[in-house]
Amino acid sequence: MNQAAATEELSSIDLSDNDAFVDRVPFEWFDALRRADPVHWQPERRGRGFWAVTSHADVVAVGQDWATFSSQTGASALEDLAPDALAARRSMIDTDPPAHTELRQLVSAPFTFRSARDYEGLVQEISRQVLSSALVRSRFDFVEHVAAAVPIKVLCRLLGVPEEDEGLLIALGDQMIANTDPDLASVLLDGGQSEQYRLLPFRSPAALEMFDYSRRLCEARRRRPRPDLMTALLRGTVGGQPLPPREIDIMFLLLVVAGNETTRQAIALSVQALLDHPDQIAVLEDADDRGWRLAVEELLRWTTPLHHFRRTATRDVELNGSKIAAGDKVVVWYTSANRDERAFPDPYRLDLRRSPNPHTTFGRGGPHRCLGEHLARLELRVLMRELLPVLPRLEPSGRPVRIRSNFTNGLKRLPVQVR
Ligand code: HEM
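Residues numbered from 1 in each chain as written. Predicted model: local features only at pLDDT ≥ 70, side-chain atom pairs only at ≥ 80, totals over all residues. Heavy atoms only, no water.

Q: Give a description of the overall build of the chain that names residues and reports values.
A: Counting secondary structure elements, the chain contains 17 helices and 14 strands. Each principal axis of the C-alpha atoms in the chain carries an extent, and together these give about 60 × 55 × 40 Å. Counting over 419 residues, the chain shows a buried share of 58%. Pairs at least 24 apart in sequence give 70% of the contacts found in the chain among residues at least 6 apart. (Helix = DSSP H or I, 4+ residues; strand = E, 2+ residues; numbered from the N terminus. Buried < 20%, exposed > 50% of the residue type's maximum accessible area, 1.4 Å probe, protein only. Contact = heavy atoms within 4.5 Å.)

Written as structure tokens, this is what we have:
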């Protein structure tokens, strides 16, 4: 391709356009960017533009260098947050070390590799229960009846949320993370109405309901402590002081949203991938423990449930030939890094035996690497194992429907039937 054609190809790319992610992931855009301009200036429809970082090596480098690429001005929002909105919405994910380190320590005990291993029995029990209810029907929506049900049940057990409130938390979480999809959210991020909610996470009124819920649960745990995460948050201290109520609410919201929607999409997109690549089911049927570990890593690479996270440059810096100025937004695209041919030979092949597999699905290196990665892996492995006897008879029974979002890579519906 000549220079003029390459420039024209790049100028037609708009990663800020949520509509571009509705029918499919625009992988050809990421391929073009990695090839021609791996640290690319992306103008935005509603914003001041950002650097799109698309190669595996650069995505890893940005994640590791938190002092240059700070999370402090917002990590999950592409939105340019005013100082009051930032202060009101800041969670652990938008906090740099050293403050971040203490916050993370408060909630990390149930998420270590060892702790996650202890939940295997619980996750198996939940997976069996969810699958047996779903499989009563011969046709069902895999997202609603399986993929959405397992992660929230696990999370509710960890947080101490009673079973009858799971549905409420799913609905609130959906409205927040899918705040660019008119089917799921009543107030859209890119609609004028969201302005009145700009001090709330995701600019979503659902956050207020989540905070109310968190307060009620706090009260209940204050009266009667239990061995759960909410009780740990109440007892924990940062800088020698208990966490203020607002920070407890924000942490509760972060854990529910981060742990629920993402794992749901890893499960749903993995099943969709196996329906599209039935030859890979045999790999699972033959897998020993190591085989399952490799398979789960490849499913995580393949599905990449979150497309990107955001940083802000704290100083002028050059990255892979591009000159980034202090204050510029820098967006790392995990979706692109996970299809980078320099890190993954034949990246568009789903290969459940792939090894090594240095995917960036949970971030890679750096202080914000996903807190729940071991739990997410466990849920994916255990559920797929339980589903395996049915998988060869599972087939699509309608069109999968994707969420309108350039942040969450996900399905709203995955209609299936059992032959
Ligand atoms: C397949 C499922 C999941 C995916 C794809 C995923 C992805 C990610 C990514 C990419 C980050 C890095 C954010 C950044 O660098 O700014 C992250 C952070 C985080 N994840 Fe996950 N996640 C998943 C499951 C979970 C689960 C089950 C939990 C449990 C609550 C969780 C809780 C968190 C938290 C609290 C953070 C912030 C960590 C920090 O700021 O130190 N995630 N996740």
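Back to the write-up after that little detour.
Q: I'd love a proper account of the site of the ligand, names of residues and values included.
A: Around the ligand sit 29 residues, and of these H100, R104, R311, H368 and C370 come closest. Between R104 and the ligand, the recorded distance is 2.7 Å, taken from a side-chain N or O atom to an oxygen atom. Contributions of two or more residues to the shell around the ligand are made by α5 (99–108), α13 (245–276) and β7 (308–313). Here the element with the most residues in the shell around the ligand is α13; it accounts for 7 residues. Of the residues assigned to the shell around the ligand, the class counts are 19 nonpolar, 8 polar and 2 charged. (Near = heavy atom within 4 Å. Polar contact = N/O pair within 3.5 Å; in protein donor to acceptor, adjacent residues only side chain to side chain. Nonpolar A, V, L, I, M, F, W, Y, C, P; charged D, E, K, R; others polar.)

Q: Residues and numbers for α5, please.
A: Count 3.6 residues to each turn of an α-helix, and residues three or four apart come out pointing the same way. Looking only at α5, the buried set comprises H100, L103, L106 and V107. Each buried residue of α5 lies within a common arc of 120° when the element is viewed along its axis, so the set occupies one face. As for α5, its buried residues are in contact with α12 (229–235), β5 (237–238) and α13. (Arc of directions from axis to C-beta.)

Q: Describe the sheet that holds strand β4 (residues 139–141), and please don't skip the residues or the numbers.
A: If you trace the 3 strands from one edge of the open sheet to the other, you get β4-β14-β11, paired in antiparallel fashion. With one partner strand each, in any of the chains shown, β4 and β11 (394–396) form the two edges of the open sheet. Each adjacent strand pair in this sheet contributes to an overall mean axis angle of 35°, direction not counted. With 3 bridges connecting them, β11 and strand β14 (residues 415–418) associate as antiparallel partners. Of the residues in β14, the one forming a bridge with E395 is Q417. (Pairing = 2+ DSSP bridges. Axes fitted to C-alpha atoms, helices over the stretch in contact; angles between N-to-C directions.)

Q: Break down the side chain of D328 for me, with residues and values.
A: In this structure, D328 sits in the loop between β9 (322–324) and β10 (329–333). Of the buried charged residues, D328 lacks a salt bridge, with R48 as the closest side chain of opposite charge at 5.0 Å. Separated by 2.9 Å, the side chains of D328 and W51 make a polar contact. For D328, the contacting residues outside a window of four places in its chain are W41, R48, W51, R311, T312 and A313. (Lys, Arg positive; Asp, Glu negative; His and termini not counted. Salt bridge = Lys/Arg side-chain N within 4 Å of Asp/Glu carboxyl O.)

Q: Which residues make up the packing of helix α7 (residues 120–134) against helix α9 (residues 149–159), and what values go with them?
A: Packing of α7 against α9 leaves a shortest axis separation of 10 Å and a crossing angle of 140°. Here α7 is positioned oblique relative to α9, judged by the angle of their axes. Along this stretch, α7 crosses α9, giving a crossing that reads as right-handed. Packed against α7, whose contacting residues are L122, V123, E125, I126, S127, Q129 and V130, the element α9 presents A149, V150, K153, V154 and R157 at the interface. In terms of residue class, the contact of α7 with α9 is made up of 7 nonpolar, 2 polar and 3 charged. (Parallel < 35°, antiparallel > 145°, perpendicular 65-115°, else oblique. Left-handed = near helix turned anticlockwise from the far one by under 90°.)

Q: Break down the packing of α13 against helix α15 (residues 289–303) for me, citing the residues and quoting the values.
A: Where α13 meets α15, the closest approach of the two axes is 9 Å, and the angle between their N-to-C directions is 95°. Comparing their axes, α15 and α13 come out roughly perpendicular. For the pair formed by α13 and α15, the contact residues are A266, L269, S270 and A273 on the first element and L299, L300, W302 and T303 on the second. Here the residues of the contact of α13 with α15 sort into 6 nonpolar, 2 polar and no charged.

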